[in-house]
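# Structural characterization, general
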Amino acid sequence: APSPPPTRHHFSDPAEVEALRGKLLAWYDRCKRDLPWRALAATEPDADRRGYAVWVSEVMLQQTQVATVIDYYNRWMQKWPTLQALAQASLEEVNELWAGLGYYSRGKRLQEAAKKVVSELGGHMPRTAEALQKLLPGVGRYTAGAIASISYGQATGVVDGNVIRVLCRLRCIGADSSSPAVIDRLWDMANALVDRSRPGDFNQALMELGATVCVPKAPLCGECPVKQHCRARCRKLFGKPAPVPDVEDCGVGDCPLCPPATEPWDSSLGVTNFPRKAAKKQPRAMRTATCVLERRGCRGGPEYLIVQRPSSGLLAGLWEFPSLPLAQDLQEEKEREVLADHLQAWMGQPVAAKGLQFIGEVIHIFSHIHQTYVVYSLPLDGDVTLDPACSPSRWVTWEEFHASAVSTAMKKVL
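Per an unreviewed UniProt entry, the protein goes by the name Adenine DNA glycosylase and belongs to Piprites chloris. The UniProt entry for the protein carries this comment under Catalytic activity (unreviewed entry): "Hydrolyzes free adenine bases from 7,8-dihydro-8-oxoguanine:adenine mismatched double-stranded DNA, leaving an apurinic site."

## As for the nonpolar core
Residues Tyr-52, Trp-55, Met-60, Trp-76, Leu-186 and Leu-209 are the most contacted members of the largest nonpolar core, which totals 101 residues. Tallying contributions element by element places helix α3 (residues 47-61) first for this core, with eight residues. Shared between two domains, this core takes at least three residues from each, and those domains are domain 1 (7-223) and domain 2 (284-412). Residues in contact with Leu-186, not counting those within four places in the same chain, are Val-159, Ile-164, Leu-167, Cys-168 and Ile-173. One finds Ala-289, Val-307, Leu-324 and Ala-340 within the second-largest nonpolar core, a separate group that totals 19 residues.

## Describing the pattern of salt bridges
Per the counting criterion, the structure on display carries 15 salt bridges. When the shortest N-O distance is used, the salt bridge between Arg-394 and Glu-92 registers 3.9 Å. You can see Arg-394 sitting in strand β7 (residues 393-396) and its partner Glu-92 sitting in helix α6 (residues 91-98), a full 302 residues away along the chain. Under the relative-accessibility criterion, Glu-92 is labelled partly exposed at 23%. Between Lys-334 and Glu-337 there is a salt bridge; the shortest N-O distance is 3.7 Å. With Lys-334 and Glu-337 both in helix α14 (residues 332-347), this residue pair falls three residues apart, about one helical turn. On the basis of relative accessible area, Glu-337 is assigned to the partly exposed category, the value being 34%. Connected through shared salt-bridge partners, Asp-29, Arg-198 and Asp-201 make up one network.

## Some words on helix α2 (residues 36-43)
Structurally, the α-helix is built with 3.6 residues per turn, so residues lying three or four positions apart point the same way. For α2, the complete set of buried residues consists of Trp-37, Arg-38 and Ala-41. Looking down the long axis of α2, one finds its buried residues gathered within 100° of arc, a one-sided arrangement.

## Some points on the pairing of strand β5 (residues 357-365)
Relative to strand β6 (residues 369-379), β5 is paired through eight bridges, and the arrangement is antiparallel. Bridge pairing in β6 places His-364 opposite Gln-371. Connecting the antiparallel pair β5 and β6 is a turn made up of three residues.

## Description of the domain arrangement of the protein
Split by domain assignment, the protein resolves into domain 1 (7-223) and domain 2 (284-412). Across the contact, eight residues belong to domain 1 and 15 residues belong to domain 2. Together, the buried faces of domain 1 and domain 2 total about 790 Å²; carbon and sulfur atoms form 47% of this surface. In terms of surface lost to domain 2, no three residues of domain 1 exceed Glu-92, Asn-95 and Tyr-104, which account for 51% of the buried area on that side. Connecting domain 1 to domain 2 are one salt bridge.

## Digging into the UniProt feature "domain: HhH-GPD" (unreviewed entry) in the protein
Feature annotation in UniProt assigns "domain: HhH-GPD" (unreviewed entry) to the following positions: residues 60-212. The annotated region residues 60-212 carries 67% helix and 0% strand content, and the separation between its end C-alpha atoms amounts to 19 Å.

## A short note on the confidence of the model for the protein
Mean pLDDT over the protein stands at 89; residues scoring 70 or higher make up 92%. Element-level pLDDT for the protein is lowest in helix α13 (residues 231-238), with a mean of 83, against a maximum mean of 98 in helix α9 (residues 141-152). This stretch, residues 242-249, has a pLDDT under 50; its non-local contacts, to residues over four places away or in other chains, come to ten contacts.

## Looking at α3
Spanning 15 residues, α3 covers 21 Å between terminal C-alpha atoms, matching the ideal 21 Å at 1.5 Å per step. Among the 15 residues of α3, 13 are classified as buried, and the element is accordingly described as predominantly covered. The N-capping residue of α3, defined by a side-chain oxygen 3.1 Å from the backbone nitrogen of Asp-48, is Asp-46. One or two steps after α3, the chain reaches Gln-63, where phi turns positive at roughly 65°.

Analysis parameters
- Residues numbered from 1 in each chain as written.
- Predicted model: local features only at pLDDT ≥ 70, side-chain atom pairs only at ≥ 80, totals over all residues.
- Heavy atoms only, no water.
- UniProt positions renumbered as here; feature names shortened; annotations may be inferred.
- Core = buried A, V, L, I, M, F, W, Y, C linked by side-chain atoms within 4.5 Å.
- Buried < 20%, exposed > 50% of the residue type's maximum accessible area, 1.4 Å probe, protein only.
- Helix = DSSP H or I, 4+ residues; strand = E, 2+ residues; numbered from the N terminus.
- Domains from an automatic or database assignment.
- Contact = heavy atoms within 4.5 Å.
- Salt bridge = Lys/Arg side-chain N within 4 Å of Asp/Glu carboxyl O.
- Arc of directions from axis to C-beta.
- Pairing = 2+ DSSP bridges.
- Buried area = accessible area lost by both parts, 1.4 Å probe.
- pLDDT = per-residue confidence, 0-100.
- Expected span 1.5 Å × (residues − 1).
- Polar contact = N/O pair within 3.5 Å; in protein donor to acceptor, adjacent residues only side chain to side chain.

This is the structure we're talking about:
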């Protein structure tokens, strides 16, 4: 479809674009955070290792805060400093290091893509955003743009949650910022704005601005290096959009980027009127019975039975206590019965439902699931022979449990 004519939402003045680039880059040079992946990207002379370093950071930073990622990133790069090292690792090792970081499929996809680079691409990273997205499984448009611009100097924009917020405020974009049409326009803006001589720094500056200054709530507008270019701030100060030439006025009622007429400007919110998002779907509620089977180990300390989850789906490949989903309206007595039947399949011997000791409930929130673990305990006397036909399982000590690839939810259960 042909591009729409420029409106006050777009960056149509070349002089303004140049001024905005200069101010943002100057601010970034002064104020950027000292982060390990930035240091590697700036000092690593080998292009493939540089691309890999940025790639790992971008994958870890998806849905995870910087403060949490730093330690994981340092340990990852120490253990697997190159693509080749990661390609030789086992998925079990990857899951163990990733444990607690959440969204575990990210680590799995990262390793799968590393194997492909080594086996099919001669160990060399693709150098453009287009090739990265096309050739590497799990690499989407944003990650490809970040790697290509930061590692290889390609003048391509990026759009993540921080960039969406900054651009929507700079240009009073009030339509649903998660809609495909608005996202496409934001990509057009990001590609038009990116500095041609320092694309990686510019993209990081734009994201840094959203992460540290143009934050979702209580943004630090007084410290913003591009506040003079922000139409949302102008509207907050003067009560109306900045005056623009008639030729750039939005159409009446049909602009795809304007706020809907049903959602007028809320003066109490100021710049945080933007961006606007569709209402989130409520996470679905699930109940899962889980049993901590405990025996006395050969050294006298307790050991716990953990089993491996399937290789696909939620928490794929991770280890957990024997568990099974429950119907929402199940009574406690029936819960014990179905859990006892489930445990019997593992152990190859009858399990008395009345022997299961109810411990309590653990609530864990995934992005799309409100999970309640109904926790039971079952102490065992003597040795138990596990059914080899079932999924992989093993007995572990307390220390071995915490060193295994177990989810944060299972650590809460224990």
